[in-house]
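Chain by chain, the residues run as shown.
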Amino acid sequence: MHIVVCIKQVPDSAQIRVHPVTNTIMRQGVPTIINPYDLFALEEALRLRDSHGGEVTVLTMGPPLAEDALRKALTYGADRAILLTDRHFAGSDTLATSFALSQAIVKIGETFGTPDIIFTGKQTIDGDTAQVGPGIAKRLDLLQLTYVAKIASIDLASREITVDRRSEGGTQTLKSRLPCLITMLEGTNETRRGSLDDALRAARSQIVKWSAADAGIEDLTKCGLRGSPTVVKRVFAPAARAERAEQIDSADKTLHDLADELISGIFARQPALERELAMNSGA
């Protein structure tokens with residue numbers, strides 16, 4: 001079995017600041033990390049490989065510094081790492097990113113074997129769009145299983161996989177054919193520490209670096225800024241609320257009393273809401 005995991009190197013969101021004048025993200029001095037959601041996808045891929053055999057290839061698109069994220073992925077136990085890097089990719093939005101990654105995955109299939117499963121995290125912490133994974137699936141005409149909380153079973157003989165998918169109404173159990181693309185939810189597993197042997201192998205490993213030409217991308221108008229219809233107008237930090245939260249004293253009160261006090265407080269601030277509820281209930 002061959003599994004491809006798409007990861008992204010992102011700035012640590014806990015240390016990001018927004019410039020008060022230009023309203024742009026200040027990246028200077030901000031450390032970069034593997035997108036946390038992608039780590040759950042990587043761990044799930046490694047577990048499948050450990051159980052059923054095969055290889056895990058990690059793929060990312062970014063500047064040369066993104067090699068650090070790939071080496072980190074190798075320390076967790078990935079078998080191979082590929083960096084898609086080229087000046088033509090600069091300024092890519094989710095549409096252009098999904099195009100470049102899908103073309104690289106086709107090249108991976110031609111070079112290292114067709115992938116049975118492609119994993120991504122559910123979204124990235126810098127863009128929060130959750131669009132790249134489904135975009136890759138659409139471009140490669142793959143069945144997509146999004147927001148997966150658990151892989152219940154996989155049958156390589158029948159080429160079927162069963163997963164639990166989190167939805168608004170609860171949990172769905174879905175069965176799909178392989179190959180497919182899966183976006184993993186957070187908290188679905190516990191990322192391994194990685195062995196000393198893997199750490200030493202990661203330090204010695206040569207990262208495969210592909211330019212647009214190496215990946216077989218011929219239409220460069222679909223890459224970078226030229227292939228990105230999305231334009232970010234402004235980035236800003238939400239203004240702090242001037243009004244402080246009100247705390248209800250719970251001492252010597254029953255849950256019923258607390259609920260009554262909470263509802264009374266809400267209606268005191270929102271009298272129109274009380275009237276609307278009364279009208280709807282026929283009171």
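In this report, we go over the structure that sits alongside the text. (Residues numbered from 1 in each chain as written. Predicted model: local features only at pLDDT ≥ 70, side-chain atom pairs only at ≥ 80, totals over all residues. Heavy atoms only, no water.)

## Here's the deal with the packing of helix α2 (residues 67-76) against helix α5 (residues 196-204)
Contact geometry for α2 and α5: axes closest at 7 Å, N-to-C directions at 150°. Relative to α5, the element α2 is oriented roughly antiparallel. Crossing geometry of α2 relative to α5 is assigned as right-handed. Note on element contacts: α5 touches α2 through Asp 198, Ala 199, Arg 201, Ala 202 and Ala 203, opposite Arg 71, Leu 74, Thr 75 and Tyr 76. Taken together, the residues of the contact of α2 with α5 sort by class into five nonpolar, one polar and three charged. (Axes fitted to C-alpha atoms, helices over the stretch in contact; angles between N-to-C directions. Helix = DSSP H or I, 4+ residues; strand = E, 2+ residues; numbered from the N terminus. Parallel < 35°, antiparallel > 145°, perpendicular 65-115°, else oblique. Left-handed = near helix turned anticlockwise from the far one by under 90°. Contact = heavy atoms within 4.5 Å. Nonpolar A, V, L, I, M, F, W, Y, C, P; charged D, E, K, R; others polar.)

## Quick look at the environment of Arg 80
Considering the arrangement of structural elements, one finds Arg 80 in strand β7 (residues 80-84). Between the C-alpha atoms of Arg 80 and Val 4, which are 76 residues apart in sequence, the distance is 9.4 Å. Arg 80 has contacts with His 2, Glu 55, Val 56, Thr 57, Val 58, Leu 74 and Phe 112, leaving out every residue within four places of it along the chain. Only 3.0 Å separates the side chain of Arg 80 from the side chain of Glu 55, close enough to count as a polar contact. (Polar contact = N/O pair within 3.5 Å; in protein donor to acceptor, adjacent residues only side chain to side chain.)

## Let's talk about the pairing of strand β10 (residues 160-167)
In this sheet, β10 lies alongside strand β9 (residues 143-155) in antiparallel orientation, the contact comprising six bridges. If you follow Val 148 over to β10, its bridge partner there is Arg 165. Here β9 folds back onto β10, and the loop between the two strands holds four residues, one of which, Arg 159, carries a positive phi near 60°. Where β10 lies against strand β11 (residues 170-177), eight bridges are found, and the strand directions are antiparallel. Its bridge partner lying in β11, Arg 166 is registered against Thr 171. Hairpin connection between β10 and β11: a loop of two residues separates the two successive antiparallel strands. (Pairing = 2+ DSSP bridges.)

## With respect to the pattern of salt bridges
Tallying each qualifying case throughout the model produces 15 salt bridges. With a shortest N-O distance of 2.9 Å, Arg 192 and Glu 43 are connected by a salt bridge. Of this pair, Arg 192 sits in the loop between β12 (180-184) and α5 while Glu 43 is found in helix α1 (residues 36-52), placing the two residues 149 residues apart along the sequence. Overall, Glu 43 belongs to the buried group, its relative accessible area being 3%. One salt bridge connects Arg 71 with Glu 67, and the closest N-O pair in it is separated by 2.9 Å. Of this pair, Arg 71 and Glu 67 both sit in helix α2, separated by four residues, roughly a single helical turn. On the accessibility criterion, Arg 71 (22% relative accessible area) is partly exposed. Judged by its relative accessible area of 16%, Glu 67 falls in the buried class. Here the salt bridges do not stand alone but share partners, grouping Glu 43, Arg 47, Arg 49, Asp 50, Asp 79 and Arg 192 into one network. (Salt bridge = Lys/Arg side-chain N within 4 Å of Asp/Glu carboxyl O. Buried < 20%, exposed > 50% of the residue type's maximum accessible area, 1.4 Å probe, protein only.)

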